[in-house]
Amino acid sequence: RFDSAKFEFSRDEVHVKVYPREEAEMYALSMVVRCCHLDWQVSSVAQIFNSLSQIFSTVEHLTLEHEVHSLSSEEHNEVDRTEWRKLLRSFSNVKTLHVEDGLVKKLSRCLRLDDGELPLELLPELEELTYSGSGDTGDAFTPFIDARQNAGRPVTLVRPSPDPALS
């Protein structure tokens with residue numbers, strides 16, 4: 001049984017670590033998918049995790065990190081929102097989602113609803129969305145949060161204060 005998963009997207013790979021508990025220091029499963037562009041990385045892990053979604057249906061805590069780099073062209077940094085959604089659907093029981101700076105805008109676009117789409121189709125159990133960022137992230141997740149509120153399944157949005165020691 002897995003409780004927590006962390007995706008670390010970097011310049012030439014995506015490293016996935018899955019833990020038995022959120023607080024666990026040692027992962028139970030580690031996977032590295034080597035490819036250079038964010039769009040390829042997301043597509044690859046979406047395909048893998050979609051195929052194994054039953055195994056990961058118990059995951060309650062999901063973290064998405066991205067090491068921003070300039071080697072990828074802008075074209076390859078734009079991930080089709082259906083790929084993000086395919087990946088997120090693999091984790092139907094997620095209660096907390098943490099999104100790091102480099103992915104805030106990309107994920108907020110992915111979470112916006114299309115006309116007629118129900119707000120609980122994606123991450124139906126989500127209770128808390130935490131995001132960090134130094135850039136202009138503003139109200140990136142507001143449409144998603146509002147839709148969930150209106151559907152009677154509110155999500156708490158948390159943006160931790162920057163550590164003054166790092167400034």
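Residues numbered from 1 in each chain as written. Predicted model: local features only at pLDDT ≥ 70, side-chain atom pairs only at ≥ 80, totals over all residues. Heavy atoms only, no water.

**Topic: the packing of helix α3 (residues 81-89) against helix α4 (residues 104-111)**
Put simply, the rule is: Note on method: axes are straight lines fitted to C-alpha atoms, helices fitted across the in-contact stretch only, with angles between N-to-C directions ranging 0 to 180 degrees. The secondary structure listing takes helices from DSSP runs of H or I that are at least 4 residues long and strands from runs of E that are at least 2 residues long, numbered from the N terminus. Oblique is the label for any angle not covered by the other classes, which are roughly parallel (under 35 degrees), roughly antiparallel (over 145) and roughly perpendicular (65 to 115). Contacts between residues were defined by any pair of non-hydrogen atoms, one from each residue, lying within 4.5 Å. Side-chain classes are defined by residue name, with Ala, Val, Leu, Ile, Met, Phe, Trp, Tyr, Cys and Pro counting as nonpolar, Asp, Glu, Lys and Arg as charged, and the others, Gly among them, as polar.
Where α3 meets α4, the closest approach of the two axes is 9 Å, and the angle between their N-to-C directions is 85°. On the basis of their axis angle, the class for α3 and α4 is roughly perpendicular. Where α3 abuts α4, its residues R81, W84, R85 and L88 lie against K106, L107, R109, C110 and L111. Residue composition of the contact of α3 with α4, grouped by class: five nonpolar, no polar and four charged.

**Considerations on the nonpolar core**
Our working definition: Buried residues of nine kinds, namely Ala, Val, Leu, Ile, Met, Phe, Trp, Tyr and Cys, make up a nonpolar core once their side-chain atoms join them within 4.5 Å. Exposure is judged per residue with a 1.4 Å probe applied to protein chains only, and the accessible area is read against the type maximum: over 50% gives exposed, under 20% gives buried, and values in between give partly exposed.
Residues F7, F9, L64, W84 and F91 are the most contacted members of the largest nonpolar core, which totals 42 residues. Residue contributions to this core peak at five residues, all from helix α1 (residues 38-51). If near-sequence neighbours (up to four positions away) are discounted, W84 is found in contact with F9, V42, L64, V79, L103, K106, L107 and C110.

**A closer look at the pattern of salt bridges**
Selection criterion: Salt bridges are defined as contacts in which a side-chain nitrogen from Lys or Arg sits within 4 Å of a carboxyl oxygen from Asp or Glu.
On inspection of all chains with the given rule, the structure shows seven salt bridges. Two residues, E8 and K6, come together in a salt bridge whose shortest N-O distance is 3.6 Å. E65 is paired through a salt bridge with K6; the nearest N and O atoms lie 3.4 Å apart. Highlighted residues: E65 in strand β4 (residues 61-66) and K6 in strand β1 (residues 4-9), separated in sequence by 59 residues. One connected set of salt bridges, linked through shared partners, spans K6, E8, K17 and E65.

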